[in-house]
Each structure stands twice: as structure tokens, then as C-alpha cells.
Amino acid sequence: MSDISTCVTEVREAFAKGLTKPSKWRKSQLKALDRLLVENEQAITGALRDDLGKHPSEAYTTEISIVRGEISNTLSHLGRWLAPKPVKPSIAVLPANAYTILEPLGVALIIAPWNYPVQLLLGPLVGAIAAGNSVILKPSELAPRTSTLIATLVPRYLDTRAIRVVEGAVEETTALLEEKFDHIFYTGNGRVARIVMAAAAKNLTPVTLELGGKSPTYVDETADLDAVAKRLAWGKFVNAGQTCVAPDYVLASESIAQELASKVSAAITAMYGTNVQSNDQYGRIVNENHFDRLVGLMDESAGNGAVAHGGSSSRGDLFIEPTVLLGTQRTAPVMGQEIFGPILPIIPVYSVDDAIDFINAGDKPLALYVFTNRKDVRQRFLRDTSSGALGFGLPVAHLAIPDLPFGGVGESGMGAYHGKRSIEIFSHEKSVVSKPMVPDTMALVYPPFSPKKLGIVRRLLG
Ligand code: NAD
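Now for a description of the structure that goes with this document.

What counts, and at which threshold
- Each chain has its residues counted from 1, running along the sequence as written.
- Thresholds applied to this predicted model are a pLDDT of at least 70 for local features of residues and 80 or more for the giving and counting of side-chain atom pairs; totals over whole chains, interfaces and linings are not thresholded and use all residues.
- Only hydrogens and water are removed before side-chain values are computed, so all heavy atoms of the structure are retained for them.
- It suffices for a single heavy atom of a residue to lie within 4 Å of a molecule or strand for the residue to be listed as near it.
- Polar contacts, as used here, are pairs of N or O atoms within 3.5 Å; protein pairs need one atom able to donate a hydrogen and one able to accept it. Residues neighboring in sequence count only if both atoms are side-chain atoms.
- Note on areas: these come from Shrake-Rupley sampling with a 1.4 Å probe, and a residue is covered only by the protein chains present in the view.
- Here a salt bridge means any side-chain nitrogen of Lys or Arg lying within 4 Å of a carboxyl oxygen belonging to Asp or Glu.
- Labels follow the DSSP assignment, with helices taken as runs of H or I lasting at least four residues and strands as runs of E lasting at least two, numbered in each case from the N terminus.
- Each residue is placed in one exposure class: buried if its accessible area under a 1.4 Å probe, protein chains only, is under 20% of its type's maximum, exposed if it is over 50%, and partly exposed if it falls in between.
- The criterion for strand pairing is that DSSP finds at least two bridges linking the strands in question.
- Axes here refer to lines fitted to C-alpha atoms; in helices the fit is confined to the stretch in contact. Angles between the N-to-C directions go from 0 to 180 degrees.
- By the convention used here, residues are in contact when the closest approach between their heavy atoms is within 4.5 Å.
- Here a cavity denotes grid points, spaced 1 Å and computed from the protein atoms alone, that fit a 1.4 Å probe unable to get out, and a pocket denotes an open set having protein on both sides within 12 Å along at least 5 of 7 lines; residues with an atom within 4 Å of a point are the lining.
- Grid points are joined across faces, edges and corners, and a volume is the space filled by probe spheres set on the points.
- In this classification, Asp, Glu, Lys and Arg are treated as charged, Ala, Val, Leu, Ile, Met, Phe, Trp, Tyr, Cys and Pro as nonpolar, and every other residue, Gly included, as polar.

**Overview of the site of the ligand**
- By nearness alone, 27 residues border the ligand, and Ser-140, Glu-141, Asn-189, Leu-211 and Glu-338 come closest of all.
- Between an oxygen atom of the ligand and a side-chain N or O atom of Lys-138, the distance comes to 2.9 Å.
- Taking Gly-188, its main chain carries an N or O atom lying 3.1 Å from an oxygen atom of the ligand.
- For the ligand, whose free accessible area comes to 850 Å², the fraction covered by protein is 93%.

**Let's talk about the pattern of salt bridges**
- Applying the stated rule across the entire model yields 23 salt bridges.
- Across the pair Glu-429 and Lys-85 runs a salt bridge, and its minimum N-O distance is 3.3 Å. Here Lys-85 lies in strand β1 (residues 85-87) and Glu-429 lies in strand β20 (residues 427-434), a separation of 344 residues in the sequence.
- Of the residues examined, Lys-85 reaches a relative accessible area of 44% and is grouped as partly exposed.
- Look at the salt bridges and you will find they share partners, linking Asp-353, Arg-380, Arg-383 and Asp-384 into a network.

**Description of the sheet that holds strand β10 (residues 306-309)**
- Spatially, the 7 strands line up as an open sheet ordered β10-β13-β14-β9-β8-β15-β16, and their pairing is mixed. Edge positions in the open sheet fall to β10 and β16 (389-392), since each of these has one partner strand only. Mean inter-strand twist for the sheet, computed between neighbouring axes without regard to direction, equals 25°.
- As paired elements, strand β9 (residues 249-253) and strand β14 (residues 343-349) share 4 bridges and run parallel to each other. Paired with Ala-252 across the two strands is Pro-348, which belongs to β14.
- Where helix α9 (residues 225-237) meets the sheet, it contacts β8 (216-219), β9, β13 (323-326), β14 and β15 (367-371), and its direction lies at approximately 140° from that of β14.

**Looking at the layout of surface pockets**
- Approximately 420 Å³ is the volume attributed to the second largest pocket.
- Of all the elements in the fold, those that place two or more residues in the lining of the second largest pocket are α4 (56-82), α5 (119-130) and α10 (257-272).
- Top contributing element to the lining of the second largest pocket by residue count: α4, with 5 residues.
- Classifying every residue of the lining of the second largest pocket by side-chain character gives 13 nonpolar, 7 polar and 1 charged.

**Digging into the pairing of β13**
- Taking every second residue as pointing to the same face, both faces of β13 are buried, with Thr-323 and Leu-325 on one and Val-324 and Leu-326 on the other.
- Note: β10 against β13, 3 bridges, orientation antiparallel. Bridge pairing links Val-307 to Leu-325 in β13.
- Across 4 bridges, β13 lies against β14 in parallel orientation. Each residue of the ladder has a partner; that of Leu-326, found in β14, is Ile-346.

In C-alpha cells:
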């Protein structure tokens, strides 16, 4: 894989020569990236349709507009974010001036998954460019049309001396990981994250790991179930459930579980109609492997819980109907892994404690959603659970608020990005101090020591 090695060497040379550091370069690249998205919207939504059956409106809202939002937010604040941050110097070194500045790390590697193949590749790119790095982009081979399109468009719009795309699968990513990077930003599953982190450890390369897992939802009897059902149906079935922050399952108060299932069912019909397979606004499963896994989960779990909605599928079309399972056993196969598809188990719980204990017995989630009107219940979730994000009354959409850090904790990831955070993760915050040579107040701490000097130091420093 000598071409991969050459590619990394070339972008490193561009960084070393200072190409990527001027704010003019950074801004011009961000504007060019925006133009790439605007001028090729049709081609991009077409590729997303081919790879995932995404409707162009959904592709725009959940992919293109998110990256464009990051670009415009970054361009409007870049000057302020990059300005030196003054720090109050301690009395021990006065007179002096202290501040921090963000400096680019060098060469960043961004490895993206297939489910939002534009947003999750180009979103982090915004931060890496804005921070002044060279970048290697590695799109997912499981969204091949999008990967090829991005590999074609990037050299047409961006500065190839510093920004390159390396396409490929495990072999190519393995070769990339043998190279030295200054930051690796990986989005995907925990198994590969461990491979990435082990490779990074060899060079002490910092990593950001954006992972997944089961994101629970809690609904109690005080919530407006009609409104909850609509938000759940949207958050779960967008991109056919293949969203890292989709509500994975619902823990519903026993008294309302059945009613909630019927209302989610009604919301699905209102959004996608009765013949979902022929509705082009509903997406497809990415490939046969995931299709078989999901149908297997559905079949194995259906015996443990009634199918309250959906349940049909068609392998030839990679279609799985939005499905709601009611009364699923807590030990059912569908509860043993991240579902990452359009199956929503609703599990009755007997109290807030029951729900919190169940959630805390699993890995720390990427997101946790709570629907309740009770302040004390909200407080319990805030205080007694840990997750990348906590949404009261709103699933998924926290990722569209650029100033909220987006990332996981524990098994759901490490590090967070979006907005200013995206620049910070691709930067080093350098401490700078500047002290005039006269007066030489440091003389107080130079040897030879004396009781008089020590007395003054004690009075000054306490
Ligand atoms: P994937 O299969 O596309 O893999 C992601 C990347 O890892 C790809 O670029 C792929 O080439 C590379 N890769 C795969 N195997 C590798 C190996 N052995 N060595 C080196 N690189 C390898 O995507 P995926 O992992 O199936 O993605 C789904 C997971 O990602 C889910 O768990 C989901 O929750 C999570 N996810 C998280 C976020 C987030 O922002 N936190 C977003 C989307 C998806």
C-alpha cells in the first residue's frame, strides 16, 4: 500500500510547509466545501438514495444541511474561536502576560461509517480544516456510491495538497492505521474502535471515538402520548432506524405501554401510510448482512412479545417495515445488541427506579430520552444516569445544536465534537507566558536563599 503511505507523506509535507495554517486558507476551504455541497446536491442525494434508499428531503435535512450548518457556524465564529484566550497570571510570576492559543495538530485521519456517510465524514472535516490540519478522509465502503462520489468531488473543490480521500475497506483502513497521524477521528462500532485505538497507541496519537450502543427511552403516564408517539416514530424510523442516536427501545410505565404502542402505530401510519414498501419516503437497510441480522432479531424476539405494528420484510428490496414489539422480554435477543434498524421494542416498567436500574445495568448510552411531565423524574435521570446526551421530550435532534458537544461516554465513545468543540479536538491548546526581563522579580527565587527572601515569598504567596 505504498500509495497510501505516499498520500500521508504528501499531506504531511503540506502541513509542515504551513499551507493549512493561515486563516485565509481555512476559510477558503470551508467555503469550497460548502460549494461542493450546494452545487452537487442532486448527485449527493442520488448517491444516498442508491446506498440507503434515502428520500432527498431526508438526505438534505439529516446530512447536507447539518454539514452546511457546521460550516456557516464555524465561518461566523472562527476568528473569535481562534483568538488567544487570556489567562490571569499567578502573582508569583507578575508582571507577566499569559494566554492560550489553539494550534493545529498536524495530519488528521477521519474514518466514517455508512449510515450517514456524508454528514459523518464531512462534519468532522469542517473542524479539522478550521483547526488548520491536513486531512485524510476514509469513507465507508458499505455506502459505495457515496464513497466514490465524495472521492470524485473532493479533489475538484478542495486543496489536494492537504486534503485527500482514501477509499477502501478493511485492508485499506488497516494500511492507513499503520501510518502515523496526529489525530484519528473514528465513527463506527466498538469492535473496530478498539483496533483503531490500539493502532493509535503505537504513536501516542489522540483519538476521538464516536460509537453507538443501545439508546433507551423512558415514557411515563404523565406524558402527552400522542406527541410522544410522533416524536418516537420520527426518531426511530428516520433512515430506517439506522441512526446511532435513534431510540433503541422504550421503557414505558406499565399502565400506558399498550396505549403508547397503539399511538406509535398510528403515528407510523400517519407518516408512512399503510403500504410503506411502496412509499419512497422510507429508507432501506444497507445490505443483506444487516437485513438478515435484523429479521433474525425480529423472528427470535417476536415469540417473546407481540408484534404491535409491522413485522413484514422483503430481502430482494432490503425493506423492513417499521415494527413495534410490545411486551418484549428484557432478555430477548433484540435487547442483547444495538438494534440499528426499524424495530422498536416497548417494555413495561414498574417504576422510575425499575427503569433507571435497567438502564444502569447496561453500557452508558450515547443518548437517553425521557418523556415525562414530572420534574422529580427528570431530576432523577439527570442525577442518576450517565449518557452522551440526555433529551427531555426530544429524541435525536440534539445533534443539530452546534454548541452542544456531540459524543458518547464509556462504551458509547470518547471525545465530542460539533461547533467550537470540533476545532478543539483537532487542536492543541498551547499555553503561552511572556514576562519582561526587567524588573527581574524571579531573583527572589534564585539561590542563594536567605530568610529575608523567604519572608517576602511567604508574604506574596501565602
Ligand atoms: P462501518 O462498517 O462503515 O465501519 C466504519 C468504518 O470502519 C469504515 O470506514 C470501515 O472501513 C472501517 N472498518 C471496518 N472494519 C475495520 C477493521 N477491521 N479495521 C479498520 N477499519 C475498519 O460502520 P459500522 O461500524 O457498522 O457503523 C455502525 C456503528 O456506528 C453503530 O454502532 C452506530 O451506533 C455507530 N455510529 C455512531 C455514530 C456517532 O456519531 N456516535 C454515528 C453513526 C454510527
